[in-house]
Amino acid sequence: MSIEINFELSDADLAHFRSMMHATIEKSQGLSDDEIISKAKDLVNNMEKSKLPEFVRTRMMSLAALIDAVQDEEWQMPEDEKREIMLSLAYFSEPEDIVPDNVPVLGYIDDAIMIELVLQELSLDLSAYRQFCGFRATEEARRGDAAKVDRESWLAGTRSQIRSSMRRNRSNTKKSRFFSRIM
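The following paragraphs examine the structure supplied in this document. (Residues numbered from 1 in each chain as written. Predicted model: local features only at pLDDT ≥ 70, side-chain atom pairs only at ≥ 80, totals over all residues. Heavy atoms only, no water.)

### What to know about the pattern of salt bridges
And step 1. Summed over the entire model, instances satisfying the criterion amount to 12 salt bridges.
And step 2. Put simply, Arg136 and Glu74 hold a salt bridge, and the shortest N to O gap is 2.9 Å. Of this pair, Arg136 sits in helix α5 (residues 109-143) while Glu74 sits in the loop between α3 (54-71) and α4 (79-90), and the two are 62 residues apart along the sequence.
And step 3. You can call Glu74 partly exposed: its relative accessible area is 21%.
And step 4. Several salt bridges share partner residues, and in doing so they unite Asp72, Glu74, Arg136, Glu140 and Arg151 into one network. (Salt bridge = Lys/Arg side-chain N within 4 Å of Asp/Glu carboxyl O. Helix = DSSP H or I, 4+ residues; strand = E, 2+ residues; numbered from the N terminus. Buried < 20%, exposed > 50% of the residue type's maximum accessible area, 1.4 Å probe, protein only.)

### A short note on the environment of Leu87
And step 1. Within the secondary structure, Leu87 is located in helix α4.
And step 2. Of the residues examined, Leu87 reaches a relative accessible area of 15% and is grouped as buried.
And step 3. Placed 66 residues apart in sequence, Leu87 and Met21 show a C-alpha to C-alpha distance of 8.7 Å.

### A few points about helix α2 (residues 33-49)
And step 1. Between the first and last C-alpha of α2 there are 24 Å, a value that for 17 residues agrees with the 24 Å anticipated at 1.5 Å per step.
And step 2. Among the residues making up α2, those that are buried are Ile36, Ile37, Ala40, Leu43, Val44 and Met47. In an axial view of α2, the angular spread of the buried residues amounts to 120°, which keeps them on one side of the axis. Across α2 from its buried face, at more than 90 degrees, point the exposed residues Asp34 and Lys49.
And step 3. Taken together, the buried residues of α2 touch α3, α4 and α5. (Expected span 1.5 Å × (residues − 1). Arc of directions from axis to C-beta. Contact = heavy atoms within 4.5 Å.)

Below, the structure written as structure tokens:
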């Protein structure tokens, strides 16, 4: 038998998470992008090894996709977009958080909440990257061995189109209250 538990984060709760994110960003200023990515990957790997509730597992998969987006050379993420994601990933490089990760079932709840807040902010980026990956996989399957020929050319047009669409959507959407006060 499963049980569903819902809760709402108040403005005060969001302020608390905002202050945690800000403090982590401050602490992580001495870390390189590689160190932040490595620590975020370690968190994802540890989460994968744990028996996680579904609400955490789905968010963990999205966190892994953000890491992939930053590292995907063919996506060629612009520096300003990469910076936003790196600042977001910095939180997950901090070993000390509200609920210790080794607490059964609840250990990753604070991470899941922060992932959800990050995903709300970066949903357009993640959606664009997933669209790019889908296009790339479809073209690789369609082209077969010829996918390697002139690869950058056929990726460049779609990458540019997806990014333009993402930026239009972003300009039509107000900046999240959560990150706008941090960055």
